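Reading the structure
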Amino acid sequence: MPTAPINLHAPYKERIHDALHNKNLKTVLNRTVGRMSASRVAAMGAVDGEQLRRQVRQMKEYVLRNLPDLLEQFEANVEENGGHVHWAQDAADANRILLDLARRHAVQKVVKSKSMVTEEICLNDALEGAGVKVVETDLGEYIIQLAGEPPSHIVAPAAHKRIEDIAAVMQEKLDMPPTLDAEVMCSAARASLRREFLSADMGVSGCNFAIAETGTVCIATNEGNGRMVASLPRVYVAVMGIEKLVPSVEDAFLQLQALSRSSTGQQVTVYLSMTSGPRQPLDVDGPEEFHVVLLDNGRSEMLARGYGEALMCIRCGACLNICPVYREIGGHAYGSTYSGPIGSVISPMLAVEASEPEKLPYASSLCGACRDACPVMIDLPRLLLDLRHYYVQQGAPSWLERQAMQGFLKMMQSRKLYEAGGKMGSLGSNLLASFNGGAITHMPPPFSAWTKTRHFPPLARKSFRELWAERMERRKSISGREPGEG
Ligand code: SF4
């Protein structure tokens, strides 16, 4: 079965169902993100990983506390360097700014470096709608653009594709002879992309981080496409969320280290492109114009609502790679630009195109692996629980769920009810299990959702309290003393 894309606009349950029933998807995900996860553990273990996490966390906390000042400092420095800064309240604003620039410079072709923020604002649709050709130049992103799919992972956009799937796409779209040789496929992509770079009028990238004290936009890549995008076309535009700032050059290298080690397990990415302004008279290359679009799109609102911690994310993907839910269903099943644990937190709050984003905080086992893997120590399980609480308050759970929770609350407040409930549960579940070899294999709706794929174990015949009382009784009869007596 090919790793066909999940329909992002399908209902939540349908997306999950389709993902769970795609065996190839699980195999390829476990291989790809499993490898990335193991590399992260090794790379963080090669240095004092905990110290690195603490330092990055401290720096990002500083950024959030001083965000308005740092943004102003960054803007002043970009303009002093000869660049231009644009403020975009939302996706429509950002796309309008990009389209105006494209029109002003008679742009016919844009080359892009992989960027989640431009996915967030659906920039490609906006540009293509205006007749501008858009070419993604990160290899993974290029492949999924050829396949007509969105990325399924923050760092590895084609993480859901097997080499056979990629070969099929390239044969069809690049007229490449059949092969599974990765080197041959890379060469074909490189040759095609080289032509696009040389004929593009505008380069667009996201931004891994931007340095406030110098007005510098930094993009980390492993293929060098970032620097082609930033230096070959006449105009270069970087789109960045307002939270992407770091105060100083030292902080930039601190974040680069955490990013490289946590995402791909490298000590440092192969390329780091730093752009501080347009080409100067003595420069041999570089864009004639340099623009930065600073995007809010719900970020200020996140800060105001107390979810600022999620804005410290450096988009390394470590939480996706370790998450048992992501590893089962992949990124498309989340139905949003951002997937995995961090996607489940930010998708309901950012103004991103997402299908049923209020369901995403429940797409987690709350095991805490994401928090332990995160290089910024973001407490993702707490944020997910907060969001669940918020949606409960908004009345998102069904009537039945609310009644069940009310009943559970009453039971937990009364010892008598609690003990009686436990007894009845134990009797009933053991009776049901006795007909099915010791496990409950079928339950009526809504519990059937559980027994469809798992068995339900019967409750213990005796509660812990009863077992404890019996134990104390036995002790007393052996020693003749009350437990605890000298
Ligand atoms: S939440 Fe943490 S682990 Fe997840 S992508 Fe962001 S920085 Fe990486």
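Residues numbered from 1 in each chain as written. Predicted model: local features only at pLDDT ≥ 70, side-chain atom pairs only at ≥ 80, totals over all residues. Heavy atoms only, no water.

This part covers the site of the ligand. Inspection of the region around the ligand gives 13 residues, with Cys-313, Cys-316, Gly-317, Cys-319 and Cys-374 positioned closest. Per-class residue counts for the shell around the ligand are 11 nonpolar, one polar and one charged. (Near = heavy atom within 4 Å. Nonpolar A, V, L, I, M, F, W, Y, C, P; charged D, E, K, R; others polar.)

To continue, consider the sheet that holds strand S9 (residues 271–275). Pairing is mixed in the open sheet, where four strands are placed in the order S8-S5-S6-S9. Among the strands making up the open sheet, the edge pair consists of strand S8 (245–246) and S9. By the bridge criterion, three bridges tie strand S5 (residues 209–211) to strand S6 (residues 216–221) in an arrangement that is antiparallel. When the bridges of S6 are listed, Ala-210 appears paired with Val-217. Running at roughly 165 degrees to S5, helix H12 (residues 249–263) makes contact with S5, S6, S8 and S9 of the sheet. (Pairing = 2+ DSSP bridges. Helix = DSSP H or I, 4+ residues; strand = E, 2+ residues; numbered from the N terminus. Contact = heavy atoms within 4.5 Å. Axes fitted to C-alpha atoms, helices over the stretch in contact; angles between N-to-C directions.)

The next subject is the nonpolar core. Among the nonpolar cores identified, the biggest contains 98 residues, and Phe-74, Leu-245, Val-292, Ile-342 and Val-345 are the most heavily contacted of them. With residues up to four places along the chain from it excluded, the contact list for Leu-245 reads Lys-60, Val-63, Leu-67, Leu-70, Leu-71, Phe-74, Ala-210 and Met-240. By size, the runner-up hydrophobic cluster in this structure holds 23 residues, among which are Ala-94, Val-117, Met-202 and Val-204. (Core = buried A, V, L, I, M, F, W, Y, C linked by side-chain atoms within 4.5 Å. Buried < 20%, exposed > 50% of the residue type's maximum accessible area, 1.4 Å probe, protein only.)

Here helix H18 (residues 380–393) is 14 residues long and its end C-alpha atoms lie 20 Å apart, about the 20 Å a rise of 1.5 Å per residue gives. Looking at H18, one finds that the buried residues are Leu-380, Pro-381, Leu-383, Leu-384, Leu-387, Arg-388 and Tyr-391. The buried side chains of H18 occupy one side of the element, clustering within an arc of 160 degrees when seen end-on. Buried residues along H18 sit against helix H14 (318–322), helix H16 (340–346) and helix H17 (369–373). Trailing H18 by a residue or two, Gly-395 shows a phi angle of about 80 degrees, which is positive. (Expected span 1.5 Å × (residues − 1). Arc of directions from axis to C-beta.)

With that settled, the discussion passes to unusual backbone geometry. Unusually for a residue other than glycine, Leu-366 sits at a positive phi of about 55 degrees. For Leu-366, the location among the structural elements is in the loop between H16 and H17. Exposure remark for Leu-366: the relative accessible area of 29% places this residue in the partly exposed category. You will see that Met-377, though not glycine, has its phi angle at about 55 degrees, which is positive.

This part is about the side chain of Thr-441. When you line up the elements, Thr-441 lands in the loop between helix H20 (415–434) and helix H21 (448–451). Within the structure, Thr-441 has its side chain in polar contact with the side chain of His-442 (distance 3.2 Å). Setting aside anything within four residues of it in sequence, one finds Thr-441 in contact with Asn-436, Thr-451 and His-455. (Polar contact = N/O pair within 3.5 Å; in protein donor to acceptor, adjacent residues only side chain to side chain.)

Applying the stated criterion to the full structure yields five aromatic pairs. Between Trp-450 and Phe-456, the ring centres sit 6.1 Å apart and the planes meet at 75 degrees, which makes this aromatic pair edge-to-face. (Phe/Tyr/Trp six-rings, centres within 6.5 Å; stacked < 30°, edge-to-face > 60°.)

With that out of the way, let us pick up the packing of helix H2 (residues 23–45) against H12. Where H2 contacts H12, the two axes come as close as 6 Å, and the packing angle between them is 135 degrees. One element, H2, and the other, H12, form an angle in the oblique class. Contact with H2, carried on its side by Met-36, Arg-40, Ala-43 and Met-44, involves Arg-261, Ser-262 and Ser-263 of H12 and no other residues of that element. Broken down by class, the residue content of the contact of H2 with H12 amounts to three nonpolar, two polar and two charged. (Parallel < 35°, antiparallel > 145°, perpendicular 65-115°, else oblique.)

Moving on, we come to the environment of Arg-461. Within the secondary structure, Arg-461 sits in the loop between H21 and helix H22 (464–479). On the accessibility criterion, Arg-461 (64% relative accessible area) is exposed. For Arg-461 and Ser-429, which are 32 residues apart along the polypeptide, the C-alpha to C-alpha distance reads 9.4 Å. Here Arg-461 is in contact with Lys-423, Ser-426, Asn-430 and Glu-466, once residues within four sequence places are set aside.

In this structure, Ile-346 sits in helix H16. Owing to a relative accessible area of 2%, Ile-346 belongs among the buried residues under this scheme. Sequence separation between Ile-346 and Ser-463 is 117 residues; the distance between their C-alpha atoms is 41 Å.

Take a nonpolar patch on the surface next. A cluster of nonpolar side chains, namely Met-405, Phe-408, Met-412 and Tyr-418, defines an oily patch on the protein surface of about 440 Å² accessible area. Looking at the nonpolar patch, the element that brings in the most residues is helix H19 (residues 399–413), giving three residues. Looking at where Tyr-418 falls in the secondary structure, it is placed in helix H20. Take Tyr-418: its relative accessible area is 41%, and that puts it in the partly exposed class. (Patch = residues over 30% accessible without salt bridge, like charges linked within 9 Å, V, L, I, M, F, W, Y side chains within 5 Å. Areas by Shrake-Rupley, 256 points an atom, 1.4 Å probe, with all protein chains shown as cover. Salt bridge = Lys/Arg side-chain N within 4 Å of Asp/Glu carboxyl O.)

Read across the open sheet, the six strands follow the order S1-S10-S7-S4-S2-S3; overall the sheet is parallel. Each of the sheet's edge strands pairs with one partner strand only, and the pair in question is strand S1 (84–88) and strand S3 (133–136). Going across the sheet, the axis of each strand differs from the next one's by a mean of 20 degrees, ignoring polarity. Relative to strand S10 (residues 289–295), S1 runs parallel, the two being bridged by five bridges. Directly across from Val-85, in S10, lies its bridge partner Val-292. Seen against the sheet, helix H4 (residues 67–80) touches S1, strand S7 (235–241) and S10 and runs at an angle of roughly 145 degrees to S1.

The tally for this structure, following the rule as stated, stands at 25 salt bridges. Its salt-bridge partner being Arg-162, residue Asp-165 comes within 3.1 Å of it at the nearest N-O pair. Assessed through its relative accessible area of 9%, Asp-165 is described here as buried. In this structure, a network of salt bridges that share partners links the residues Arg-57, Glu-61, Glu-309, Arg-382 and Asp-386.

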